[in-house]
Amino acid sequence: MPVKFAANIQTAVQNFLTAVAAFNPDPITGKQDVPALTGTLSQNVILYGITEGEVVAAGIKDVVTHLTTPYPGGNAGSTFKPVPGTVDFTPRSYPVIVTGKADWTDNDGSPPGTISFLFTFDPGGTISSLWASSAG
């Protein structure tokens, strides 16, 4: 049986949208949807830091812990809102990556800003890496 290389575009898009919604605090409860966020990530997912680009967490457990822990140890309370018209899954017939810009509000009290992001997907369409940069 041949190895499946291409992530299903519908799965990748849905996982991206679910991850964004699950990461951002619910407007009423202020809580993140940890089970939904966990379900969008590959077992071997890697999270890179925005400032230095270093590996912040590796593996689903450590990445989820980082994304759901408040400052100073994690990103809980931050917001990530993709800018409409900038999100692009490429190449379209083989959705390996999603790129774009997002409005980012950090949980450390620094001023909000716009970041560039690039997420990669594994062959099943779950997120395998999360990278963002505040530079250009």
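For the structure given in this document, a descriptive report is provided here. (Residues numbered from 1 in each chain as written. Predicted model: local features only at pLDDT ≥ 70, side-chain atom pairs only at ≥ 80, totals over all residues. Heavy atoms only, no water.)

### Quick look at the packing of aromatic side chains
Applied cut-off: Whether two aromatic rings pair depends on their centres lying within 6.5 Å, for rings of Phe, Tyr and Trp, where Trp uses its six-membered ring; planes under 30 degrees apart make the pair stacked, over 60 edge-to-face, and the rest tilted. Strands are runs of DSSP state E lasting at least two residues, helices are runs of H or I lasting at least four, and both sets are numbered from the N terminus onward. Here the term buried applies to any residue with accessible area under 20% of the maximum for its type, exposed to any over 50%, and partly exposed to those in between, with areas from a 1.4 Å probe on protein chains only.
The final tally for this structure, using the stated rule, is 8 aromatic pairs. Taken together, a centroid distance of 6.1 Å and an interplanar angle of 15 degrees make the contact between F23 and W104 stacked. Of this pair, F23 sits in helix α1 (residues 9-23) while W104 sits in strand β5 (residues 97-105); the two residues are 81 residues apart in sequence, bridging distant segments of the chain. There is no split in this pair, since F23 and W104 are both buried. Consider the rings of F80 and F119, whose centres lie 5.8 Å apart with planes at 20 degrees: the pair is stacked. Within this pair, whereas F80 is found in strand β3 (residues 79-82), its partner F119 is found in strand β6 (residues 113-121), the two being separated by 39 residues in sequence.

### Concerning the nonpolar core
This is how the line gets drawn: We define a nonpolar core as any set of buried Ala, Val, Leu, Ile, Met, Phe, Trp, Tyr and Cys residues linked to one another through side-chain atoms lying within 4.5 Å. For this analysis, residues touch if any pair of their heavy atoms sits within 4.5 Å.
Within the largest apolar cluster, 27 residues are counted, with the highest numbers of intra-cluster contacts made by F16, L41, V63, F80, F117, F119 and L130. Elements with a contribution of two residues or more to this core: α1, β1 (41-48), α3 (60-68), β5, β6 and β7 (127-133). Ranked by the residues each element gives to this core, the list is headed by α1, at 6 residues. The residues contacting F16, other than those within four sequence positions of it, are F80, P82, V87, F89, V98, F117, F119 and F121.

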